[in-house]
Amino acid sequence: MLKQLAFKIRNISKYNTKYMTINTFSTFPTPCIDVHTHMYLPKYMDIMRKRTDVPKVLTIEGNDRLVILPGEDDEITTSTGRPIGKEYYSVDAKLAYMNNHNISHSVISLANPWLDFLYGTEAESVAQELNDELQSICESSNGRLYGFATLPVKNMEASIKEVKRLKSLSYIRGVILGTPGAGMGLDHVCIYVYGILC
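Attention in this report is confined to the structure presented alongside it. (Residues numbered from 1 in each chain as written. Predicted model: local features only at pLDDT ≥ 70, side-chain atom pairs only at ≥ 80, totals over all residues. Heavy atoms only, no water.)

**Comments concerning unusual backbone geometry**
The omega angle of the peptide bond from Val-54 to Pro-55 is 5°, so this bond is cis rather than trans. Residue placement: Pro-55 occurs in the loop between α2 (42-50) and β2 (56-60). In this structure, Pro-113 follows Asn-112 across a cis peptide bond, with omega equal to 15°. Unlike most non-glycine residues, Asn-102 shows phi in positive territory, near 65°. Position of Asn-102 relative to the elements: it lies in the loop between α3 (91-100) and β5 (103-109). Accessibility expressed as a relative area gives 0% for Asn-102, which makes it buried. The phi torsion at Trp-114 lies on the positive side, around 50°, for a residue other than glycine. In this fold, Trp-114 is placed in the loop between β5 and α4 (120-139). (Helix = DSSP H or I, 4+ residues; strand = E, 2+ residues; numbered from the N terminus. Buried < 20%, exposed > 50% of the residue type's maximum accessible area, 1.4 Å probe, protein only.)

Below, the structure is given as C-alpha coordinates:
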(Lines give C-alpha, C1' and ligand atoms only; values in the text may rest on other atoms or scores of the structure.)
Protein backbone atom coordinates (compact mmCIF):
# COMPACT_ATOMS: atom_id res chain seq x y z
CA MET A 1 0.00 0.00 0.00
CA LEU A 2 2.79 2.44 0.85
CA LYS A 3 4.28 1.94 -2.62
CA GLN A 4 0.91 2.79 -4.13
CA LEU A 5 0.63 5.89 -1.96
CA ALA A 6 4.17 6.95 -2.82
CA PHE A 7 3.33 6.64 -6.51
CA LYS A 8 0.26 8.82 -6.00
CA ILE A 9 2.33 11.45 -4.20
CA ARG A 10 4.76 11.62 -7.13
CA ASN A 11 1.78 12.18 -9.40
CA ILE A 12 -0.02 14.55 -7.03
CA SER A 13 -0.40 17.22 -9.71
CA LYS A 14 -3.03 15.02 -11.35
CA TYR A 15 -5.42 15.62 -8.46
CA ASN A 16 -8.10 18.24 -8.90
CA THR A 17 -10.79 18.09 -6.22
CA LYS A 18 -12.73 20.58 -4.17
CA TYR A 19 -10.55 19.60 -1.20
CA MET A 20 -7.25 20.55 -2.81
CA THR A 21 -6.09 23.84 -4.25
CA ILE A 22 -3.01 24.71 -6.26
CA ASN A 23 -1.30 25.82 -3.03
CA THR A 24 -2.31 22.77 -0.98
CA PHE A 25 1.17 21.28 -0.80
CA SER A 26 3.27 24.42 -0.93
CA THR A 27 4.29 24.45 2.76
CA PHE A 28 6.79 21.58 2.58
CA PRO A 29 8.68 20.15 -0.38
CA THR A 30 7.24 16.64 0.14
CA PRO A 31 3.65 15.82 1.19
CA CYS A 32 3.14 13.54 4.19
CA ILE A 33 1.16 10.33 4.68
CA ASP A 34 -0.72 9.89 7.96
CA VAL A 35 -0.51 6.13 8.36
CA HIS A 36 -3.15 5.94 11.10
CA THR A 37 -5.58 8.59 12.28
CA HIS A 38 -8.84 8.23 14.20
CA MET A 39 -12.25 9.38 13.08
CA TYR A 40 -15.73 8.75 14.43
CA LEU A 41 -17.82 7.99 11.35
CA PRO A 42 -21.13 9.89 10.93
CA LYS A 43 -23.23 6.72 11.46
CA TYR A 44 -21.20 5.91 14.57
CA MET A 45 -21.92 9.36 15.95
CA ASP A 46 -25.63 8.82 15.29
CA ILE A 47 -25.50 5.59 17.29
CA MET A 48 -23.60 7.19 20.17
CA ARG A 49 -25.94 10.20 20.37
CA LYS A 50 -28.96 7.87 20.71
CA ARG A 51 -27.46 5.78 23.52
CA THR A 52 -28.50 6.31 27.13
CA ASP A 53 -25.84 4.03 28.65
CA VAL A 54 -22.07 4.54 28.68
CA PRO A 55 -20.45 4.77 26.18
CA LYS A 56 -22.47 7.60 24.63
CA VAL A 57 -22.31 11.13 23.29
CA LEU A 58 -24.09 13.87 25.24
CA THR A 59 -24.88 17.31 23.89
CA ILE A 60 -24.29 19.90 26.61
CA GLU A 61 -24.91 23.56 25.83
CA GLY A 62 -24.70 22.81 22.12
CA ASN A 63 -21.43 20.91 22.33
CA ASP A 64 -20.92 17.15 21.96
CA ARG A 65 -19.16 15.34 24.82
CA LEU A 66 -17.96 11.74 24.51
CA VAL A 67 -18.56 9.72 27.68
CA ILE A 68 -16.54 6.51 27.70
CA LEU A 69 -15.92 5.61 31.35
CA PRO A 70 -18.50 4.60 33.97
CA GLY A 71 -19.32 7.46 36.31
CA GLU A 72 -18.19 10.19 33.92
CA ASP A 73 -21.79 11.28 33.55
CA ASP A 74 -22.75 11.24 37.24
CA GLU A 75 -22.90 15.02 37.10
CA ILE A 76 -23.80 16.65 33.79
CA THR A 77 -21.67 19.77 33.32
CA THR A 78 -19.63 21.30 30.52
CA SER A 79 -16.67 19.25 31.81
CA THR A 80 -18.49 15.91 31.51
CA GLY A 81 -16.61 13.39 29.36
CA ARG A 82 -14.34 14.80 26.69
CA PRO A 83 -15.07 17.29 23.90
CA ILE A 84 -15.72 15.81 20.48
CA GLY A 85 -15.98 18.49 17.81
CA LYS A 86 -16.51 18.14 14.08
CA GLU A 87 -12.79 17.61 13.56
CA TYR A 88 -13.44 14.11 14.98
CA TYR A 89 -16.34 13.13 12.72
CA SER A 90 -16.67 15.46 9.70
CA VAL A 91 -15.10 14.20 6.47
CA ASP A 92 -14.80 17.76 5.16
CA ALA A 93 -13.02 18.81 8.37
CA LYS A 94 -10.64 15.83 8.09
CA LEU A 95 -9.74 16.70 4.49
CA ALA A 96 -9.34 20.39 5.35
CA TYR A 97 -6.99 19.42 8.19
CA MET A 98 -4.98 17.30 5.76
CA ASN A 99 -4.73 20.22 3.36
CA ASN A 100 -3.62 22.60 6.10
CA HIS A 101 -0.89 20.23 7.28
CA ASN A 102 0.38 19.05 3.91
CA ILE A 103 -0.97 15.51 4.32
CA SER A 104 -1.70 13.90 0.99
CA HIS A 105 -3.18 10.62 2.27
CA SER A 106 -4.58 9.30 5.56
CA VAL A 107 -5.55 5.87 6.83
CA ILE A 108 -8.57 6.35 9.11
CA SER A 109 -10.28 4.16 11.68
CA LEU A 110 -12.65 4.30 14.60
CA ALA A 111 -11.27 5.08 18.04
CA ASN A 112 -12.15 4.11 21.60
CA PRO A 113 -14.64 2.52 22.36
CA TRP A 114 -14.91 0.96 18.86
CA LEU A 115 -17.71 -1.65 18.95
CA ASP A 116 -16.66 -3.21 22.25
CA PHE A 117 -20.05 -2.41 23.80
CA LEU A 118 -22.19 -4.24 21.22
CA TYR A 119 -23.11 -7.93 21.21
CA GLY A 120 -24.75 -10.53 18.97
CA THR A 121 -26.53 -9.65 15.75
CA GLU A 122 -26.52 -5.93 16.60
CA ALA A 123 -22.72 -5.92 16.67
CA GLU A 124 -22.62 -7.77 13.36
CA SER A 125 -25.00 -5.45 11.51
CA VAL A 126 -23.46 -2.26 12.89
CA ALA A 127 -19.95 -3.39 11.91
CA GLN A 128 -21.10 -4.03 8.34
CA GLU A 129 -22.84 -0.66 8.12
CA LEU A 130 -19.83 1.22 9.46
CA ASN A 131 -17.36 -0.57 7.23
CA ASP A 132 -19.52 0.08 4.18
CA GLU A 133 -19.73 3.74 5.19
CA LEU A 134 -15.95 3.85 5.62
CA GLN A 135 -15.50 2.38 2.14
CA SER A 136 -17.90 4.97 0.69
CA ILE A 137 -16.10 7.85 2.43
CA CYS A 138 -12.77 6.66 1.07
CA GLU A 139 -14.18 6.23 -2.44
CA SER A 140 -15.45 9.81 -2.36
CA SER A 141 -12.07 11.21 -1.28
CA ASN A 142 -10.48 10.80 -4.72
CA GLY A 143 -7.93 8.38 -3.36
CA ARG A 144 -6.81 10.45 -0.38
CA LEU A 145 -8.37 8.29 2.34
CA TYR A 146 -7.98 4.59 3.13
CA GLY A 147 -9.45 2.72 6.07
CA PHE A 148 -8.92 0.24 8.88
CA ALA A 149 -12.26 -1.51 9.39
CA THR A 150 -13.93 -2.23 12.70
CA LEU A 151 -15.03 -5.66 13.91
CA PRO A 152 -17.90 -6.90 16.10
CA VAL A 153 -15.38 -8.36 18.54
CA LYS A 154 -18.00 -9.59 21.03
CA ASN A 155 -19.36 -11.87 18.28
CA MET A 156 -16.54 -14.15 17.16
CA GLU A 157 -18.35 -15.85 14.27
CA ALA A 158 -19.51 -12.49 12.90
CA SER A 159 -15.99 -11.08 13.22
CA ILE A 160 -14.52 -13.89 11.15
CA LYS A 161 -17.28 -13.49 8.58
CA GLU A 162 -16.67 -9.73 8.42
CA VAL A 163 -12.90 -10.11 7.97
CA LYS A 164 -13.59 -12.32 4.95
CA ARG A 165 -16.11 -9.79 3.56
CA LEU A 166 -13.66 -6.90 3.96
CA LYS A 167 -11.50 -8.31 1.19
CA SER A 168 -14.15 -7.10 -1.25
CA LEU A 169 -13.87 -3.48 -0.03
CA SER A 170 -11.14 -1.89 -2.12
CA TYR A 171 -10.16 0.94 0.26
CA ILE A 172 -9.95 -1.16 3.42
CA ARG A 173 -6.34 -1.94 4.34
CA GLY A 174 -6.73 -3.73 7.67
CA VAL A 175 -8.73 -3.76 10.90
CA ILE A 176 -8.58 -1.83 14.15
CA LEU A 177 -8.93 -3.60 17.50
CA GLY A 178 -9.21 -2.05 20.92
CA THR A 179 -6.85 -3.18 23.66
CA PRO A 180 -9.46 -5.55 25.19
CA GLY A 181 -9.54 -7.48 21.91
CA ALA A 182 -12.53 -9.80 22.11
CA GLY A 183 -12.65 -9.30 25.88
CA MET A 184 -9.71 -11.59 26.60
CA GLY A 185 -6.73 -9.43 25.66
CA LEU A 186 -4.77 -9.02 22.45
CA ASP A 187 -2.67 -12.15 23.07
CA HIS A 188 -5.69 -14.48 23.04
CA VAL A 189 -5.86 -17.17 20.35
CA CYS A 190 -8.99 -15.65 18.79
CA ILE A 191 -6.99 -12.53 17.85
CA TYR A 192 -4.48 -14.81 16.13
CA VAL A 193 -7.35 -16.07 13.96
CA TYR A 194 -8.03 -12.51 12.78
CA GLY A 195 -4.38 -12.17 11.81
CA ILE A 196 -4.47 -15.34 9.71
CA LEU A 197 -7.64 -14.28 7.92
CA CYS A 198 -6.34 -10.78 7.16
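Having seen the model, we can carry on.
**Some details on the packing of aromatic side chains**
For the structure on display, the rule yields two aromatic pairs. A centroid spacing of 5.6 Å and a plane angle of 15° characterise the contact between Tyr-40 and Tyr-44, whose relative ring orientation is stacked. Both residues of the pair, Tyr-40 and Tyr-44, belong to the buried class. Seen in terms of ring centroids, Tyr-146 and Tyr-171 are 5.4 Å apart; in terms of plane orientation they differ by 40°. Their pairing is tilted. Here the residue Tyr-146 occupies a position in strand β6 (residues 145-150), and Tyr-171 occupies one in the loop between α5 (156-166) and β7 (172-176), the gap between them amounting to 25 residues. For the pair formed by Tyr-146 and Tyr-171, the shared burial category is buried. (Phe/Tyr/Trp six-rings, centres within 6.5 Å; stacked < 30°, edge-to-face > 60°.)

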